[in-house]
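# Architecture at a glance
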Amino acid sequence: MIPLSWYLILSALLFCVGTFGVLARRNAVGILMGIELMLNAVNLNLVAFWRYLTPGLIAGQVFTLIVFAVAASEASVGLALIISIYRRRSTVVADEINLMKW
Amino acid sequence: MTVLQIVFLVTGFVTLLAGVMVVASPKLVHAALWLIVSLAGVAVLFVLLNANFLAVVQVVVYIGAIAILIIFAVMLTRRVMADTGPTHNPSWWLALISALVLLGGLLALILQVPAFAQAGPTAQPAADSGLSDLGTALVDVNRFLLPFEVASVLLLAALIGAMAIARPADAAEEGGE
Amino acid sequence: MRPEILTLLIPLPPLLAFGLIVLFTNRSNRLSHSVAIGAMLLSWGMAMAVFIAAVTAPHLGEHPIELSFPWLPTGATALSIGVLIDPLSAATLFFVAWTCLAIFVYSVGYHNYGQPREAHDRAGLPPHGGGLEPMYARFFAFISLFAFGMLTLVVSDNLLLLFVGWEIMGLCSYLLIGFWFGKDSAKKAMVKAFMTTRIGDVFMLLGLAYLYSATGTLNYRAILANEEVLHHLATTPAFLGLSIAGACGILLFMGTVGKSAQFPLHVWLPDAMEGPTPVSAMIHAATMVSAGVYLTLRMFPLLAAGWEEGGALTTPMLVVSAVGAFTALFAATIAVAQNDIKRVLAYSTISQLGYMVAAVGIGAFVAAAFHLITHAFFKALLFLGSGSVIHGMEHGEHETHAHTDPQDMLNMGGLRSKMPATFWTFLIGGLALAGFPLITAGFWSKDEIFADAFANGRLLVFGTLALAALLTAFYTMRQITLTFLGQPRTQAAGHAHESKWTMTLPLIVLAVFAVAAGWAGIPEDFPLIGGLLPNWMHDFVGGTLLEHPHPVAFSPIPLLTSIGVSLLGLLGGWLVYRNAKAGAPDPLIRALGPVHTLLKRKYYFDELYERFVVAPAYWLAETFTYKFLDGKVIDGVLHTIALVAGSVGTYLRRYIDLPLVNGAGDLVGESIKRAGRGGRVIQTGRVQGYLVVGVAFVALLLSYVLLVRP
């Protein structure tokens, strides 16, 4: 049988890869992809816990569904933002979008 | 080593590999395609976890909508938003260290709880892996109707917002509002 | 109205006139002199009323007209001031009122009222040839104030009020000597007069204070009419072998020495002739200098405390008589060699005051008072006459455009025909001064002094005074001869003319007194005419003293001496000068030789004082006190303090305030700025950077939870 910890470890690994992507990629769309990875890791975590600890409680799946919806909206708005920023600043490099400072 | 375990290990490995490729590919399109692979791997894992419906939703929404959206966005604006230059920003090493430390922490946390290592999956109460229950729960006033409706409002807002933000500047001013 | 109240009011009209002229009427000449003369007339009227009341009162000496009221509270008691009219002050009041009134009227004409003011006449300088005096109203204001001072002095019943009047007159003398302040000589003379009399006044004030501390009062009646007090003062020793009475007497006499220009403080009076002639007449002949003698007369009981009539003189009396007699001779010798018409009269005044002082010194109280009264009249007359002469000479100069000194007698001559009224009155005055027998007042008063001196055996004083009388007659006749007789020696003299009635009327009035005043004091045992008229002077004035003095027994020697020296001197003066020619030197120069220079230069006393008194005083003031003490010592200390304070301040500023205080303040702000600037760096604006930080912290937190906590 597959212990729960395997799923959790996997999900942790995926999450950290996603974190690395968010923190290290220059391109804003690349960052967005990293975020998607992170969200997926979270979903995996949720479902694993649901399956192993409380399979009768449907809240686990509902939570995951909501996360889906949020991820979708966030992806679309994020892309819209990137396009809008590009129009203003002519760049999609995250490092160059640095006006929110002193 | 049972079959399931092997399947799990392979799928897990593929997902991880694809994830690494997502963050490491210099070309965005490649990264997007690797993302699709990673998402697919996660869908398989959902199946392994008896969350069939979620696996389907994963494929349909994530791969079919979000990943496609990303590819559309990348493809349609490729000439305009072609990215040149290094893939990672100058302080990628810091990110790596942070991520590794985070990983270490998480792993330590997980391994600390002995219950996680031993638990096998408990018996599933329903044969359809809770699908009808899920459906009922989402529209039941006493259960998860509210989060469901809120989520739909959120989607609506995101929809409108995305349109508003992405509109071209002169059109936005002409239209006024 | 009661005589006491009238007496109290006598000094006030001139004071009021002073105030009115200064504040209101000084732009109108007519109003000013009207106010002044009106006020003087009022005072004169009241004085005459009081005089009549005094003369008709029985035993005025024992029951004088008096009124006093408390004025200055001094603890439980109060210092009282008030008025006192006893025989001495009544007689003094008489001549003061008459002479002041005469001089006030004279001043109208003297300052050329009615003439237009000349264009080139400036205020502060005497007007040229006959123009109106520019400072006309000011003059009347000053002489009114002076009249107030003198009248206060005369009616006062205590030494303090006397001193007040004394000092007011000192001030007016200063102001009036320097009336023509544009003249440098006048400015010097006014200061000299004030300073010299000040020296006397200091001693007088010491005497006043000493007397007050010894007796507790300054009232005349309380000290001088009180046998016990006088006895106590005479027998208590003071210092230098003197009794209190002696010490006070001599100190108070020093005031007289200053004010009445006795030797050695005589130097100011001749220089005081810089003032207009009415000033010379009033202040320096009739009234102010008489005040000194009045004081000595008043203090006679104090000076003579312990003296028996006919006995040995007390120490103060010796001092007084010595000073007086010496001055009389000394001044007379100088007068012989002077050519300025007013200078002669000035030295003559000094000499005659010496007579009076000497008379008091030998105990001839009544004689001294008699001479004081007669002298006031004829000396005022002589001065006013000289003023008239000077005016005539100036007119002559103006007409002939000459530039000679109008006051130099060697330029005059023959004015008898040009100015007859002036001549006759001047002659009467001069004869009175010389003591022409029988018909002049001066004779009677001088004779009285001689008689007293001889009868009491004061032969040294007698001889000195007799010699002085000879010289007096000589220089008087010299003056008259040079001025009026003979032929005019210059063009100016030839064109002189008589003065207006405002000037000649007072001359005539005073001349009447110069003749008649003597007949009030004819001794009873005088051959032939004694006894025809009562010796009013002796009876009345003698009543001032506690013991009525005995009349002196008649002796022919002093009488013959006085007639002799008088006639001899007059004859000599006429003979020597009757043929004085224009441009010829004074015959006396050849006769006396170097002695004449000595006399002309006044025995070099001015130079002596200048060298040994004035110059050291200036040195002390300027070099020692001003340059050294004030400039170097005091200023040095101040500069050092300032320097130290400055350097302490600079040090504090540079090393403590700026670096520490400012530094601390700046540091706070600066460090916050720098911290902010440094801290700002973390706000890169790069989202990923922020996220890294977030993740790192999460990692840290996790490691803490896992590793550090159990």
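Bear in mind the structure is a predicted one, so any value in this text is a computation, not a measurement.

Before going further, it helps to examine the overall build of chain B. Along its length, chain B carries eight helices and zero strands. Going from the N terminus to the C terminus, chain B shows its helices and strands as α-α-α-α-α-α-α-α. In chain B, which comprises 177 residues, the proportion classed as buried is 29%.

What follows concerns the overall build of chain C. Along chain C, the regular secondary structure elements total 29 helices and two strands. Expressed as a percentage of the 710 residues in chain C, the buried residues total 51%.

Put simply, an interface is often sized by how much accessible area is lost when its parts join up. Between chain A and chain C, the residue contacts involve 10 residues of the former and 10 residues of the latter. Along the lines of polarity and charge, the residues of the side of chain A that touches chain C split into six nonpolar, two polar and two charged.

Turning our eyes to something else, we now look at the interface of chain A and chain B. Across the boundary between the two partners, chain A contributes 62 residues, which contact 74 residues of chain B. The set of elements that each furnish at least two residues to the side of chain A that touches chain B consists of helix 1 (4–24), helix 2 (28–53) and helix 3 (59–89) of chain A. It is helix 3 of chain A that provides the largest number of residues to the side of chain A that touches chain B, a total of 21 residues. Its residues assigned to classes, the side of chain A that touches chain B comprises 42 nonpolar, 14 polar and six charged.

All names here are of chain C. Of all hydrophobic cores here, the largest spans 219 residues; its most connected members are A369, F377, A380, L465 and A514. At 19 residues, the largest contribution of residues to this core is made by helix 17 (residues 365–400). Setting aside anything within four residues of it in sequence, one finds L465 in contact with A325, A328, Y355, A358, I449, F450 and A453.

Right, let's talk about helix 9 (residues 227–235) of chain C for a bit. Residues and elements named next belong to chain C. Taken as a whole, helix 9 has its buried residues at V229, L230 and L233. Taken around the axis of helix 9, the buried residues stretch over an arc of 95°, which confines them to a single face. Residues E227, E228 and T235 are exposed on helix 9 and point more than 90 degrees away from its buried face. Residues of helix 9 that are buried sit in contact with helix 7 (184–215), helix 8 (220–224), helix 10 (244–259) and helix 14 (300–303).

Before going further, it helps to examine the pairing of strand 2 (residues 77–85) of chain C. Regular strands have side chains that alternate between both faces of the sheet. Residues and elements named next belong to chain C. Bridge count between strand 1 (residues 65–74) and strand 2: nine bridges; the pairing is antiparallel. When the bridges of strand 2 are listed, P70 appears paired with S80. Between strand 1 and strand 2, which pair antiparallel and follow one another directly, the connecting turn spans two residues, one of which, G75, has a positive phi of 75°.

Residues and elements named next belong to chain A. Close contact between helix 2 and helix 3 brings their axes to 10 Å; oriented N to C, the two are set at 175°. As far as their axial angle goes, helix 3 and helix 2 are roughly antiparallel. Taking contact as the criterion, the partners of A28, V29, L32, E36, L39, V42, N43, L46, V47, F49 and W50 in helix 2 are, on helix 3, G60, Q61, F63, T64, V67, A71, A75, G78, L79 and I82. Considered class by class, the residues forming the contact of helix 2 with helix 3 number 15 nonpolar, five polar and one charged.

Residues and elements named next belong to chain B. In this structure, V29 sits in helix 2 (residues 28–48). What makes V29 partly exposed here is the crowd of 13 C-beta atoms within 10 Å. For the pair V29 and I71, spaced 42 residues apart in the sequence, the C-alpha separation amounts to 6.7 Å.

Now for the packing of helix 7 of chain C against helix 10 of chain C. Residue and element names in this part refer to chain C. Closest axis-to-axis distance for the helix 7/helix 10 pair is 7 Å, and the angle between their directions is 155°. Looking at the two axes, helix 7 sits roughly antiparallel to helix 10. Pair helix 7 / helix 10 crosses with left-handed handedness. Residues T196, T197, I199, G200, D201, F203, M204, L206, G207, Y210, L211 and A214 of helix 7 touch helix 10, and the partners they reach there are I244, A247, C248, L251, L252, M254, G255, V257, G258 and K259.

The next subject is unusual backbone geometry. All names here are of chain C. For the bond from F263 to P264, the omega torsion is 0°, close enough to zero to count as cis. Positive phi is not limited to glycine here, since H59 has a value of about 50°. For H59, the location among the structural elements is in the loop between helix 3 (29–56) and strand 1. What makes H59 exposed here is the crowd of 9 C-beta atoms within 10 Å. The backbone phi angle of Y604 is positive, close to 55°, even though this residue is not glycine. In this structure, Y604 sits in the loop between helix 27 (594–600) and helix 28 (605–680). The exposure class of Y604 is exposed, given the 12 C-beta atoms found within 10 Å.

We now examine the environment of L269 of chain C. Residue and element names in this part refer to chain C. The residue L269 is located in helix 11 (residues 268–271) in this model. With 27 C-beta atoms packed within 10 Å, L269 lands in the buried category. Between the C-alpha atoms of L269 and V289, which are 20 residues apart in sequence, the distance is 9.4 Å. L269 has contacts with A261, H284, A346, T349 and I350, leaving out every residue within four places of it along the chain.

With 100% of its residues at a pLDDT of 70 or more, chain C has an overall mean of 89. Scored as a complex, the prediction yields pTM 0.68 and ipTM 0.92.

In this section: helix 12 (residues 277–286) of chain C. Because each turn of an α-helix spans 3.6 residues, side chains separated by three or four positions end up pointing in the same direction. Among the 10 residues that make up helix 12 of chain C, 10 are buried, leaving the element largely enclosed by the rest of the structure. If you check which residues of helix 12 of chain C are buried, you get T277, P278, V279, S280, A281, M282, I283, H284, A285 and A286 of chain C.

What counts and what doesn't
- Residues numbered from 1 in each chain as written.
- Chains lettered and ligands numbered in written order.
- Predicted model: local features only at pLDDT ≥ 70, side-chain atom pairs only at ≥ 80, totals over all residues.
- Helix = DSSP H or I, 4+ residues; strand = E, 2+ residues; numbered from the N terminus.
- Buried ≥ 20, exposed ≤ 12 C-beta atoms within 10 Å, placed from the backbone.
- Contact = placed C-beta atoms within 7 Å.
- Nonpolar A, V, L, I, M, F, W, Y, C, P; charged D, E, K, R; others polar.
- Core = buried A, V, L, I, M, F, W, Y, C linked by C-beta atoms within 7 Å.
- Arc of directions from axis to C-beta.
- Pairing = 2+ DSSP bridges.
- Axes fitted to C-alpha atoms, helices over the stretch in contact; angles between N-to-C directions.
- Parallel < 35°, antiparallel > 145°, perpendicular 65-115°, else oblique.
- Left-handed = near helix turned anticlockwise from the far one by under 90°.
- pLDDT = per-residue confidence, 0-100.

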